[in-house]
Amino acid sequence: MLRVLAVDDEEPALGELLYLLRADPRIRSAEGATDATGALRRIGRALEAGPDSDEAVDVVFLDIHMAGLTGLDLARLLAGFARPPLIVFVTAHEGFAVQAFDLKAVDYVLKPVRRERLAEAVRRVRELVHAPAAPATPAVPATAAAPAAVAAPEQIPVELGGVTRFVAVDDIAYVEAQGDYARLHTDEGSHLVRIPLSTLEERWAARGFVRIHRSHLVALARIDELRLDGGATSVRVGSTELAVSRRHARQLRDLLMRRAGG
(Lines give C-alpha, C1' and ligand atoms only; values in the text may rest on other atoms or scores of the structure.)
Protein backbone atom coordinates (compact mmCIF):
# COMPACT_ATOMS: atom_id res chain seq x y z
CA MET A 1 0.00 0.00 0.00
CA LEU A 2 1.13 3.52 -0.77
CA ARG A 3 2.33 6.20 1.64
CA VAL A 4 1.39 9.61 0.28
CA LEU A 5 2.24 13.25 0.90
CA ALA A 6 -0.11 15.85 -0.63
CA VAL A 7 1.10 19.44 -1.00
CA ASP A 8 -1.14 22.45 -1.72
CA ASP A 9 -1.09 25.94 -0.23
CA GLU A 10 -4.89 26.23 -0.52
CA GLU A 11 -6.29 24.38 2.48
CA PRO A 12 -9.74 23.60 0.98
CA ALA A 13 -8.08 22.06 -2.10
CA LEU A 14 -5.64 20.15 0.12
CA GLY A 15 -8.46 18.85 2.30
CA GLU A 16 -10.44 17.64 -0.71
CA LEU A 17 -7.40 15.92 -2.18
CA LEU A 18 -6.58 14.19 1.12
CA TYR A 19 -10.21 13.07 1.45
CA LEU A 20 -10.11 11.42 -1.99
CA LEU A 21 -6.72 9.84 -1.38
CA ARG A 22 -7.67 8.40 2.01
CA ALA A 23 -10.82 6.87 0.48
CA ASP A 24 -8.69 4.83 -1.93
CA PRO A 25 -8.02 1.33 -0.50
CA ARG A 26 -4.57 1.30 -2.14
CA ILE A 27 -3.45 4.22 0.08
CA ARG A 28 -1.94 3.22 3.42
CA SER A 29 -1.49 6.77 4.72
CA ALA A 30 -1.93 10.30 3.36
CA GLU A 31 -0.41 13.37 5.01
CA GLY A 32 -0.70 16.99 3.96
CA ALA A 33 1.61 20.00 3.74
CA THR A 34 0.61 23.57 2.92
CA ASP A 35 3.92 24.71 1.42
CA ALA A 36 6.93 23.31 -0.39
CA THR A 37 9.32 24.08 2.46
CA GLY A 38 7.32 22.00 4.93
CA ALA A 39 7.01 19.24 2.35
CA LEU A 40 10.78 19.24 1.81
CA ARG A 41 11.39 18.84 5.56
CA ARG A 42 8.91 15.96 5.70
CA ILE A 43 10.49 14.23 2.71
CA GLY A 44 13.93 14.74 4.25
CA ARG A 45 12.82 12.87 7.38
CA ALA A 46 11.42 10.10 5.20
CA LEU A 47 14.66 9.68 3.28
CA GLU A 48 16.72 9.65 6.46
CA ALA A 49 14.47 6.98 7.99
CA GLY A 50 14.66 4.74 4.93
CA PRO A 51 12.10 3.13 2.60
CA ASP A 52 10.96 0.48 5.08
CA SER A 53 10.20 2.84 7.96
CA ASP A 54 6.86 4.28 9.04
CA GLU A 55 8.19 7.72 7.99
CA ALA A 56 8.63 6.70 4.34
CA VAL A 57 6.86 8.55 1.50
CA ASP A 58 6.26 6.72 -1.78
CA VAL A 59 4.70 9.56 -3.77
CA VAL A 60 4.05 13.29 -3.53
CA PHE A 61 0.84 14.72 -5.01
CA LEU A 62 2.03 18.24 -5.71
CA ASP A 63 0.38 21.52 -6.68
CA ILE A 64 2.38 23.79 -9.00
CA HIS A 65 1.38 27.35 -8.13
CA MET A 66 2.27 27.95 -4.47
CA ALA A 67 3.69 30.86 -2.51
CA GLY A 68 7.46 30.70 -2.10
CA LEU A 69 8.85 27.59 -3.73
CA THR A 70 6.58 26.32 -6.49
CA GLY A 71 5.79 22.69 -7.10
CA LEU A 72 8.20 22.67 -10.04
CA ASP A 73 10.94 24.10 -7.78
CA LEU A 74 10.33 21.33 -5.25
CA ALA A 75 10.39 18.64 -7.94
CA ARG A 76 13.74 19.96 -9.21
CA LEU A 77 15.17 19.81 -5.70
CA LEU A 78 13.91 16.27 -5.20
CA ALA A 79 15.48 15.20 -8.50
CA GLY A 80 18.88 15.71 -6.87
CA PHE A 81 18.18 13.15 -4.14
CA ALA A 82 19.44 9.57 -4.48
CA ARG A 83 16.02 7.94 -3.94
CA PRO A 84 13.32 10.62 -4.19
CA PRO A 85 9.61 9.82 -3.96
CA LEU A 86 7.55 9.71 -7.14
CA ILE A 87 5.78 12.90 -8.22
CA VAL A 88 2.21 13.44 -9.41
CA PHE A 89 1.35 17.05 -10.22
CA VAL A 90 -2.15 18.22 -9.34
CA THR A 91 -2.86 21.65 -10.82
CA ALA A 92 -5.46 23.89 -12.40
CA HIS A 93 -3.02 24.90 -15.16
CA GLU A 94 -2.51 22.90 -18.36
CA GLY A 95 0.52 24.86 -19.56
CA PHE A 96 3.18 23.19 -17.39
CA ALA A 97 2.73 19.61 -18.61
CA VAL A 98 5.93 19.52 -20.66
CA GLN A 99 8.03 20.84 -17.76
CA ALA A 100 6.34 18.40 -15.41
CA PHE A 101 7.16 15.35 -17.50
CA ASP A 102 10.69 16.61 -18.12
CA LEU A 103 10.99 16.28 -14.34
CA LYS A 104 9.91 12.62 -14.60
CA ALA A 105 6.45 13.13 -13.13
CA VAL A 106 4.33 9.97 -13.12
CA ASP A 107 1.13 11.85 -13.95
CA TYR A 108 -0.39 15.31 -14.40
CA VAL A 109 -3.89 15.67 -12.95
CA LEU A 110 -5.99 18.74 -13.65
CA LYS A 111 -8.21 20.44 -11.08
CA PRO A 112 -11.00 20.12 -10.21
CA VAL A 113 -9.87 16.63 -9.33
CA ARG A 114 -12.26 13.84 -10.26
CA ARG A 115 -12.24 10.63 -8.23
CA GLU A 116 -11.86 8.45 -11.33
CA ARG A 117 -8.95 10.51 -12.66
CA LEU A 118 -7.15 10.43 -9.31
CA ALA A 119 -7.67 6.66 -9.12
CA GLU A 120 -5.89 6.32 -12.47
CA ALA A 121 -2.93 8.33 -11.13
CA VAL A 122 -2.78 6.10 -8.06
CA ARG A 123 -2.81 3.02 -10.30
CA ARG A 124 0.18 4.31 -12.25
CA VAL A 125 2.10 5.09 -9.07
CA ARG A 126 1.30 1.70 -7.57
CA GLU A 127 2.56 -0.10 -10.68
CA LEU A 128 5.89 1.70 -10.40
CA VAL A 129 6.28 1.30 -6.63
CA HIS A 130 5.47 -2.40 -6.70
CA ALA A 131 7.22 -3.25 -9.97
CA PRO A 132 9.51 -6.27 -9.57
CA ALA A 133 13.16 -5.40 -9.31
CA ALA A 134 15.17 -5.97 -12.47
CA PRO A 135 17.56 -8.95 -12.29
CA ALA A 136 21.17 -8.08 -11.67
CA THR A 137 23.18 -7.58 -14.85
CA PRO A 138 26.14 -9.93 -15.08
CA ALA A 139 29.53 -8.30 -15.16
CA VAL A 140 30.93 -7.70 -18.64
CA PRO A 141 34.52 -8.87 -19.18
CA ALA A 142 37.00 -6.07 -19.71
CA THR A 143 37.71 -7.37 -23.22
CA ALA A 144 34.08 -7.17 -24.32
CA ALA A 145 32.18 -4.01 -25.10
CA ALA A 146 28.79 -3.63 -23.42
CA PRO A 147 25.94 -2.67 -25.75
CA ALA A 148 24.68 0.88 -25.44
CA ALA A 149 21.56 1.32 -23.32
CA VAL A 150 18.40 1.91 -25.31
CA ALA A 151 16.67 5.12 -24.27
CA ALA A 152 12.97 4.92 -23.52
CA PRO A 153 10.87 6.62 -26.21
CA GLU A 154 9.97 10.19 -25.36
CA GLN A 155 6.28 10.77 -24.73
CA ILE A 156 4.09 13.85 -24.54
CA PRO A 157 1.00 13.99 -22.30
CA VAL A 158 -2.33 14.91 -23.86
CA GLU A 159 -5.66 15.38 -22.10
CA LEU A 160 -8.65 13.57 -23.58
CA GLY A 161 -11.97 13.60 -21.75
CA GLY A 162 -10.30 14.24 -18.40
CA VAL A 163 -7.83 11.37 -18.87
CA THR A 164 -4.16 11.92 -19.61
CA ARG A 165 -2.84 9.85 -22.48
CA PHE A 166 0.83 9.53 -23.41
CA VAL A 167 1.65 9.87 -27.09
CA ALA A 168 5.08 8.67 -28.24
CA VAL A 169 6.92 11.40 -30.12
CA ASP A 170 8.05 8.77 -32.65
CA ASP A 171 4.36 8.20 -33.54
CA ILE A 172 3.83 11.85 -34.52
CA ALA A 173 3.95 12.51 -38.28
CA TYR A 174 3.55 16.27 -38.21
CA VAL A 175 2.45 19.12 -35.95
CA GLU A 176 0.12 21.96 -36.87
CA ALA A 177 0.17 25.36 -35.17
CA GLN A 178 -3.15 26.59 -33.78
CA GLY A 179 -2.43 29.87 -32.00
CA ASP A 180 -0.73 29.14 -28.66
CA TYR A 181 -1.65 25.49 -29.11
CA ALA A 182 -0.29 22.74 -31.34
CA ARG A 183 -2.16 19.84 -32.90
CA LEU A 184 -0.21 16.57 -33.01
CA HIS A 185 -1.08 14.34 -35.97
CA THR A 186 -0.51 10.59 -35.70
CA ASP A 187 -1.75 7.66 -37.80
CA GLU A 188 -4.58 7.16 -35.30
CA GLY A 189 -5.81 10.75 -35.09
CA SER A 190 -4.84 14.13 -33.66
CA HIS A 191 -4.37 15.67 -30.22
CA LEU A 192 -4.37 19.31 -29.16
CA VAL A 193 -1.74 20.41 -26.62
CA ARG A 194 -1.17 23.83 -25.09
CA ILE A 195 2.41 24.22 -26.32
CA PRO A 196 3.57 26.68 -29.02
CA LEU A 197 4.94 25.18 -32.21
CA SER A 198 8.23 27.04 -31.70
CA THR A 199 8.77 25.22 -28.38
CA LEU A 200 8.25 21.82 -29.99
CA GLU A 201 10.52 22.79 -32.89
CA GLU A 202 13.37 23.52 -30.49
CA ARG A 203 12.74 20.51 -28.31
CA TRP A 204 12.34 17.94 -31.09
CA ALA A 205 15.00 19.10 -33.56
CA ALA A 206 17.29 16.29 -32.40
CA ARG A 207 14.51 13.78 -33.05
CA GLY A 208 14.31 14.68 -36.74
CA PHE A 209 11.51 17.24 -36.77
CA VAL A 210 11.95 20.20 -39.14
CA ARG A 211 9.97 23.38 -39.70
CA ILE A 212 8.59 23.52 -43.24
CA HIS A 213 6.17 26.41 -42.80
CA ARG A 214 5.14 28.85 -40.08
CA SER A 215 2.22 26.50 -39.43
CA HIS A 216 3.83 23.06 -39.71
CA LEU A 217 6.57 20.96 -38.14
CA VAL A 218 7.20 17.60 -39.83
CA ALA A 219 9.09 14.42 -38.93
CA LEU A 220 11.63 13.92 -41.73
CA ALA A 221 11.24 10.15 -41.53
CA ARG A 222 7.51 10.46 -42.23
CA ILE A 223 7.87 12.43 -45.48
CA ASP A 224 6.89 10.11 -48.34
CA GLU A 225 7.26 12.53 -51.23
CA LEU A 226 8.69 15.95 -52.10
CA ARG A 227 6.78 17.75 -54.84
CA LEU A 228 7.97 20.67 -56.97
CA ASP A 229 5.26 22.36 -59.00
CA GLY A 230 6.49 25.48 -60.72
CA GLY A 231 7.71 27.71 -57.92
CA ALA A 232 5.75 25.87 -55.21
CA THR A 233 7.11 23.10 -52.98
CA SER A 234 5.08 20.64 -50.95
CA VAL A 235 5.53 17.34 -49.15
CA ARG A 236 3.26 14.34 -48.80
CA VAL A 237 2.97 12.80 -45.33
CA GLY A 238 0.76 9.76 -45.62
CA SER A 239 -2.38 10.98 -47.35
CA THR A 240 -1.81 14.63 -46.38
CA GLU A 241 -0.09 17.21 -48.58
CA LEU A 242 1.58 20.12 -46.77
CA ALA A 243 2.92 23.31 -48.31
CA VAL A 244 6.58 24.20 -47.81
CA SER A 245 7.37 27.90 -47.53
CA ARG A 246 10.12 29.37 -49.72
CA ARG A 247 12.34 30.18 -46.75
CA HIS A 248 12.33 26.51 -45.68
CA ALA A 249 12.31 24.79 -49.08
CA ARG A 250 16.07 24.74 -49.77
CA GLN A 251 16.97 23.50 -46.28
CA LEU A 252 14.32 20.78 -46.46
CA ARG A 253 15.54 19.56 -49.87
CA ASP A 254 19.10 19.41 -48.57
CA LEU A 255 18.05 17.47 -45.47
CA LEU A 256 16.04 14.97 -47.50
CA MET A 257 18.90 14.47 -49.97
CA ARG A 258 21.40 13.87 -47.17
CA ARG A 259 18.99 11.46 -45.51
CA ALA A 260 18.44 9.57 -48.75
CA GLY A 261 22.16 9.40 -49.36
CA GLY A 262 23.15 7.83 -46.13
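That block above? That's the structure.
Looking now at the nonpolar core. Leu 5, Val 7, Val 60, Leu 62, Ile 87, Phe 89 and Tyr 108 are the most contacted members of the largest nonpolar core, which has 24 residues in total. Of all hydrophobic cores here, the second largest spans 20 residues; its members include Leu 18, Val 59, Val 88 and Val 106.

Right, let's get into the pairing of strand β4 (residues 86-91). Taking burial as the measure, the six residues of β4 include five buried ones, the bulk of the element. Judged from the four bridges that link them, strand β3 (residues 59-62) and β4 form a sheet pairing that is parallel. Counterpart to Val 60 in the pairing with β4 is Ile 87. Note that the unit made of β3, helix α3 (residues 71-79) and β4 has a crossover that is right-handed. The parallel pair β4 and strand β5 (residues 107-110), bridged by helix α4 (residues 97-102), forms a crossover whose chirality is right-handed.

This paragraph deals with the packing of aromatic side chains. Remark: the centre distance and the inter-plane angle together describe each pair of aromatic rings, the angle taken between the planes. Using the criterion set out here, one finds one aromatic pair in the structure. Here Trp 204 and Phe 209 contribute two aromatic rings whose centre-to-centre distance is 5.2 Å and whose plane-to-plane angle is 45 degrees, an arrangement assigned as tilted. Judged by relative accessible area, which is 0%, Trp 204 ranks as buried. Classification of Phe 209 by relative accessible area gives buried; the value is 5%.

Here is what the cut-offs are and how they apply
- Residues numbered from 1 in each chain as written.
- Predicted model: local features only at pLDDT ≥ 70, side-chain atom pairs only at ≥ 80, totals over all residues.
- Heavy atoms only, no water.
- Core = buried A, V, L, I, M, F, W, Y, C linked by side-chain atoms within 4.5 Å.
- Buried < 20%, exposed > 50% of the residue type's maximum accessible area, 1.4 Å probe, protein only.
- Helix = DSSP H or I, 4+ residues; strand = E, 2+ residues; numbered from the N terminus.
- Pairing = 2+ DSSP bridges.
- Right-handed = clockwise from strand over helix to strand, strands pointing away.
- Phe/Tyr/Trp six-rings, centres within 6.5 Å; stacked < 30°, edge-to-face > 60°.

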